[in-house]
Structure formats: structure tokens, C-alpha cells
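Here are the chains, one letter per residue:
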Amino acid sequence: MASTDVVRTRTGVYHDSVSLMRVSRAATALSGVEVAVVAMATELNLGIAAELGFDLPPAGPADLLIALRGEVDALEAASAELDGLLAALSAPSPGGGGDGGGAGRPPRTVRAAAREHAATLALVSVPGPHAFAEALDAVEAGLSVMIFSDNVPVGQEVLLKRRAAERGVLVMGPDCGTAVIGGAGLGFANVLRPGPVGLVAASGTGAQQVSCLLDLAGVGVSHVLGVGGRDLSSDVGGLSTLRALEALDADPATELIVLISKPPAPEVARAVEEAVAKLGTPVVTALLGPGQDDLTSVTEAALRVLGVPVPTWPSWPASAAAPEHPGTTGAGTGTGTGGNVRGIYSGGTLCVEARLIAGTGEFTDFGDDAYTVGRAHPMIDPALRLEALAEVPPGDVVLLDVVLGHGADPDPAARLAPAIAEAVARGVTAVVALVGSEGDPQGLTTQAEALNAAGATVFTSNAGAAGYAARAATRVDANAR
């Protein structure tokens, strides 16, 4: 049947990019629809639509672009369904809100919202080029701010954090993927029990790994303060890390602090170590790098400080498991085979950790800024990772992370499991690091069993998964000789 295009715009309608990407994906799945683009008409999104062959009307960033391609008879029904999805995004939240200009009218600035709701914290999730202005507005209003947005210039990050220090507030981010403040999860947030451990993390998925392992061991968290992946770089100098450590040290509910970071700049690491030595609260550090402990080992060290027994971390071996199958850390166990391990990751810190443990192979962090321009984060949309998985050749070992929790894909196994099964069928060994808690909405055990049924060996420890993958690659290489 012949295909046709339907292209229209709506003026003065705004929805955030993640919501619109989910609407686009839902529209693409409708019967008879081949392609759907539902996005704000930014230069980037107009370029994407043009590359797809749509004939576009004049439009600007304040306009909503709707472009559908599909069977002629199906597009009318698809358009109606799409209108319903967009209407659901526009529905007012319970309780309404306002800025003094009338019932139901939302505040138009961060400061107006802060005044109306007596807020102490703002969450900024707008395209990176626009995040600085909103975050600065929050800081000047006396609010701490979590900047979920990525692609924010490092110079703007430094200015924000210096101004926050002057105002006595905390900037979490940019590119802060997760935080927990007094039990309330922000961004990608796992369901965690309350408890005595406070986390300071220049790493989103690193914080999720440690907090979820703690939860599996029966230990909860007081707060998780993400500071952004660049905070311990030379440019930023640990400005938010030092502020967050002070805040947790002053918190009576926090009995132990865990500090997590991707490999920091040496001079910044030394400054942080000096600050840690002055705190009254004990601190366990996980500053990833060669020769350093992995995240699972650090979690186990934290449990010992608390006097809590270290459990065997849950894992699900594949029916044809290759090497010996441990349930805990795999640090330093694999020598690799010069490229047979293929790491296809959504979490930057988890990717770094796995590369360090495997010692060799090809690793890609699809959550890096370079891959998220105009796209949802791979924890929401696995499209790029599915393409990479389809290209893994027979005989290789593929290592993936799957991160659960609010904000992430509501059922990651639904799309990953069939792709894993196809890879296993052509001779690929599949290993999954599953990061989540028992309380997460996706269901930790449900996801693990679905991925395992597809042929993957599943670990709740990323370190355990990486060590296993390295040993599996070594065995494959030995068999090949």
C-alpha cells in the first residue's frame, strides 16, 4: 500500500524532549505508521526530520513539530491517537498551581515557583544550551539545584558552582543523572530503603550500583548527592563534592559517607582526601582508576564498617555457562583476548569500571554527551545499543548494563531480550550487569529472569559481570586455538 506524509506544527506548545521522544516511539509503534517525529522544532530536530525526507513548513523552537509517514488509510487513526498522547502530556497536574495570575496557570520562572511553593531545591531538565540561565535563576533564588541536562559548557558549570558556594547552596550536575534527597528520588532513581549511608557521587550509574547493592544487603541510604561527572576534573576542582561532603557530615541521619567518582584529576583527588580527613563522619571512597577498588568491593567495605554481613550478590547463570560462575567481584580476574569483549553500556562509570576490570576489549558509553544530542538517554531508549548488539560477531562476548528504576525504560527486557537471544543464537556470549533494587517498578527478578531466559548470564554486580566476561573471552580464544 502507498505511503504518504502528514506534517503539521503547533505554535506556543512546549513539552520536554524526553516526553516527546516517548510519544514518538509510541506513535511509531502504531499500526500502519512507518516513521514518526514529534519534537520541538529546534534546528537539530528540523534537520533530523529533513534527513528523513519530510517536506517541512516554516517553524521555530517555540513550535511543536508533528511528522508522520505511513499507509494512507492508517494515518488518520494514527493522528487521532497521537493527539490523545499529546493531550495527556498537557493535562494539568492535581492541585493545579499558579503564579498569582489565575488558577491553573503555572509559574513562568524558577523564582516564581520558589516563592509560591516555599521550595528549597530546583530540578533543571532542559536542552543544555538553555540550562545555565534556569540553574542560575535557581541559585540566585537561594535554591540548591539538580541539573539533569547534559551538553552544558564546563565554563558555565564552574560559574554556577562558584556562585552556589557564595549563596550557601549545592549544585548537583550538570549531567547529574540521579539523586535522592530525604527519600525522594530525582532523575533516574531506584526505590531504596531509608538508612544510614550517604553517597556523594560524581557518577550517576556508579551511585545507583552502590546504593542498589546496599539495598540488596538490607542497608538503606539517607541521601544520594550527585555532583556531575566532571566535578572532580581539573577544570571544576571538586567544588560540589566538597560542599556535599560538608552537608552529609552535618547530617545526623548519615553515619557513613561513600564517595564515588570516575577517575579524578590527581590534584583534585588529593584535595578531596585532605577534606575527608577533617570530617567527623567515616568515609569510604571509590575513586575508580587503575589499581583502585571496584564499586562492589567498596560496597562490601562499607558493609563491614557498618558491621553488616556481606551477602552473595544475586546472579543468574546461563544454561550453557562458559567459565566458573562466581557471584561476587571479578576485579583482576580476566586477561581478555585483544578485543573479544564488546562493552555496550548506558552508564559511563559502569563502562569505565568494566573496561578496567576486563583489561582489554572495545567499550562504548552510549550515555556520553556525543550520543545523546537529539536522542533520549540509552537508559530510556536502547535503539543505538540494539544496533551495536546486532553487529557483534560470532565468538565474541558482549557485556551490557541494564539499569532499572523510575525514569528508566519501564520494561528494558522487552526489547533487549529478543536482541540478546538473536546474538546468542549466532554464537555470541551475552553477559548482563543488572543494576536495580527489589522495589524498582520493573521488578529486579522479573527482568533478570527474562534476560537470562534469552541466554544471558546476569549479575547484580557490574564488577562480577565484567570479570566473568573477561574469563569467557579467554576461554573462547583458547577454544579457537
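The structure this text deals with has already been given above.
Residues numbered from 1 in each chain as written. Predicted model: local features only at pLDDT ≥ 70, side-chain atom pairs only at ≥ 80, totals over all residues. Heavy atoms only, no water.

(A) Layout of the overall build of the protein chain. A tally of helices and strands in the protein chain yields 16 helices and 18 strands. Dimensions along the principal axes, computed over C-alpha positions, put the protein chain at roughly 60 × 60 × 35 Å. Counting the 481 residues in the protein chain, one finds 49% classified as buried. Considering only contacts within the protein chain whose residues lie at least 6 apart along the sequence, 73% involve residues at least 24 apart. Of the roughly 19900 Å² of accessible surface on the protein chain, a fraction of 53% belongs to carbon and sulfur atoms. Of the charged side chains in the protein chain, 29 are positive and 52 negative; the average position of the first set lies 4 Å away from that of the second. (Helix = DSSP H or I, 4+ residues; strand = E, 2+ residues; numbered from the N terminus. Buried < 20%, exposed > 50% of the residue type's maximum accessible area, 1.4 Å probe, protein only. Contact = heavy atoms within 4.5 Å. Areas by Shrake-Rupley, 256 points an atom, 1.4 Å probe, with all protein chains shown as cover. Lys, Arg positive; Asp, Glu negative; His and termini not counted. Charge placed at Lys NZ, Arg CZ, Asp CG, Glu CD.)

(B) Main features of the pattern of salt bridges. The full count for this structure, using the stated rule, is 15 salt bridges. A salt bridge links Lys161 to Glu157; its shortest N-O distance comes to 2.8 Å. You can see Lys161 and its partner Glu157 sitting in helix H6 (residues 154-167), 4 residues apart, about one turn around the helix. Looking at Lys161, the relative accessible area reads 3%, which means it is buried. A residue is classified by how much of its surface remains accessible, and Glu157, at 1% relative accessible area, is buried. A single salt-bridge network, built from bridges that share partners, covers Glu157, Lys161, Arg230 and Asp231. (Salt bridge = Lys/Arg side-chain N within 4 Å of Asp/Glu carboxyl O.)

(C) The sheet that holds strand E5 (residues 144-147), seen in detail. Read from one edge to the other, the open sheet built from 3 strands follows the order E4-E5-E6, with strand pairing classed as parallel. Strands at the two margins of the open sheet, each flanked by one partner only, are strand E4 (121-124) and strand E6 (171-172). The strands that helix H5 (residues 128-140) touches are E4, E5 and E6; relative to E5, the one it contacts most, it runs at about 160°. (Pairing = 2+ DSSP bridges. Axes fitted to C-alpha atoms, helices over the stretch in contact; angles between N-to-C directions.)

(D) Looking closely at the environment of Gly187. Of note, Gly187 is situated in strand E8 (residues 184-187). Here the alpha-carbon distance between Gly187 and Phe148, two residues 39 residues apart in the chain, equals 6.9 Å. Apart from residues no more than four positions distant in its own chain, Gly187 is found in contact with Met146, Phe148, Gly177, His406 and Gly407.

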